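# Coordinate analysis (summary)
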Amino acid sequence: MAMRREPHVLVVGGSDSSGGAGIARDIETIASIGVRTCLAVTALTVQTHDAVMEIHRSPPSLVADQMRVALQANEVAAIKIGMLASADIIVAVATVLRKCPQVPAVFDPVLASTSGRALLEADAIAVMKRDLMPLCCLVTPNLPELALLIGSELAMDEDGALLQGQRLLAAGPQALLIKGGHASGPRSTDILLHSDQEPIRFDAPRLAGSMRGTGCILASAIAAHLAKAKSLEDSVREGKRLVFDTFQKNGAE
């Protein structure tokens with residue numbers, strides 16, 4: 001079938017029953033860029049746009065088998081990873097990633113819902129940093145996630161965020177995109193860090209209002225553009241543009 005030969009993004013993440021985030025956002029974002037998706041579902045959630053009521057984790061072996069079959073069935077040109085839920089699932093995902101080092105993986109480290117409900121077991125962060133991040137071409141934490149990942153207080157300014165980002169880079173991801181949406185001020189700046197390059201800043205006006213799923217949109221858009229063989233910097237730039245346009249259209253509440 002021709003579809004098998006088209007570039008796909010393998011989405012590894014949780015299902016949000018409200019449709020506001022998770023794999024629903026991932027699929028619609030990647031499709032809008034003209035790339036197909038295949039899936040490995042890590043968890044099912046029962047949630048509205050305001051609260052998470054239930055989380056049902058997939059067995060780690062099932063997550064790994066979904067990934068293996070998706071990779072076998074399709075021309076997977078990039079992988080987008082979101083909610084992983086547990087240390088065992090992280091280990092399972094990392095095991096599969098080691099078998100396909102040629103496929104770039106973009107990891108959005110989903111640690112908590114917008115309402116504050118934990119979406120990852122507390123003991124899983126160390127496993128995530130040790131086993132998964134070194135296999136990823138890009139990790140995309142926001143400022144609260146960055147602080148949690150390195151066990152520090154929230155960065156108060158850009159210098160603090162850069163210092164925290166450099167510490168996280170030591171965990172092994174090839175690059176880090178620090179998202180500035182939780183900062184203050186009239187401008188929102190994301191910072192792309194590589195261990196051997198100067199930081200690259202992506203600056204945009206800070207928009208009023210709020211919208212769930214912006215992290216999913218950004219990471220999925222980056223993965224979709226990587227699947228179309230764009231550079232990482234260009235993929236981040238295109239992803240930022242899509243988030244900005246989507247927020248302007250739908251984000252004001």
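All of the points below concern the structure found in this document. (Residues numbered from 1 in each chain as written. Predicted model: local features only at pLDDT ≥ 70, side-chain atom pairs only at ≥ 80, totals over all residues. Heavy atoms only, no water.)

## Quick word on the overall build of the protein chain
Regarding its fold elements, the protein chain presents 9 helices and 9 strands. By residue count, 52% of the 253 residues in the protein chain fall in the buried class. Relative to all contacts within the protein chain whose residues are 6 or more apart in sequence, the contacts with residues 24 or more apart total 69%. Accessible area for the protein chain stands at about 11,500 Å²; split by element, carbon and sulfur atoms hold 53% of it. (Helix = DSSP H or I, 4+ residues; strand = E, 2+ residues; numbered from the N terminus. Buried < 20%, exposed > 50% of the residue type's maximum accessible area, 1.4 Å probe, protein only. Contact = heavy atoms within 4.5 Å. Areas by Shrake-Rupley, 256 points an atom, 1.4 Å probe, with all protein chains shown as cover.)

## Thoughts on the nonpolar core
Counting 55 residues, the largest nonpolar core has Val12, Ile79, Ile81, Val93 and Leu132 as the members making the most contacts within it. Here the element with the most residues in this core is helix α4 (residues 87–97); it accounts for 8 residues. Setting aside residues no more than four positions away along its own chain, isoleucine 79 makes contact with Val9, Leu10, Val12, Leu97, Cys100, Val103, Pro104, Ala105, Val106 and Ala223. Counting residues in hydrophobic clusters, the runner-up holds 28 residues, among them Val35, Cys137, Phe202 and Ile217. (Core = buried A, V, L, I, M, F, W, Y, C linked by side-chain atoms within 4.5 Å.)

## Brief notes about the environment of valine 76
Within the secondary structure layout, valine 76 lies in strand β4 (residues 75–81). In this structure, the C-alpha to C-alpha distance between valine 76 and cysteine 100, residues 24 residues apart in sequence, is 9.9 Å. For valine 76, the residues in contact, after removing those within four places along its chain, are His8, Leu10, Cys38, Ala70, Leu71 and Val103.

## Section: the pairing of strand β7 (residues 175–178)
A two-sided burial pattern is seen for β7, the buried positions comprising Ala175 and Leu177 on one face and Leu176 and Ile178 on the other. Note: β7 against strand β8 (residues 187–194), 4 bridges, orientation antiparallel. Bridge assignment links isoleucine 178 to a residue of β8, and that residue is isoleucine 191. (Pairing = 2+ DSSP bridges.)

## A closer look at the state of the cysteines
A covalent bond bridging the sulfur atoms of two cysteines is what the word disulfide describes. One pass over the structure, following the stated rule, counts 0 disulfides. No disulfide involves cysteine 136; its sulfur sits 7.5 Å from that of cysteine 137, the nearest cysteine. (Disulfide = S-S within 2.5 Å.)

## Some thoughts on the packing of helix α3 (residues 60–73) against α4
Viewed as axis vectors pointing N to C, α3 and α4 meet at an angle of 25°, and their least axial separation amounts to 8 Å. The orientation of α3 relative to α4 falls into the category roughly parallel. As α3 packs across α4, the resulting crossing turns out to be right-handed. Where α3 approaches α4, its residues Pro60, Val63, Ala64, Met67, Arg68 and Leu71 are matched on the opposing element by Asp88, Ile89, Ala92, Val93, Thr95, Val96 and Leu97. A class-by-class count of the residues in the contact of α3 with α4 yields 10 nonpolar, 1 polar and 2 charged. (Axes fitted to C-alpha atoms, helices over the stretch in contact; angles between N-to-C directions. Parallel < 35°, antiparallel > 145°, perpendicular 65-115°, else oblique. Left-handed = near helix turned anticlockwise from the far one by under 90°. Nonpolar A, V, L, I, M, F, W, Y, C, P; charged D, E, K, R; others polar.)

## Description of helix α2 (residues 22–32)
All buried positions along α2 are accounted for by Gly22, Ile23, Arg25, Asp26, Thr29 and Ile30. Down the axis, α2 shows its buried residues gathered within 155° of arc, on one side only. Against β1 (7–16), β2 (36–47), β4, α8 (214–227) and α9 (232–250) lie the buried residues of α2. Remark: glycine 34 follows α2 within two positions and exhibits a positive phi of approximately 85°. (Arc of directions from axis to C-beta.)

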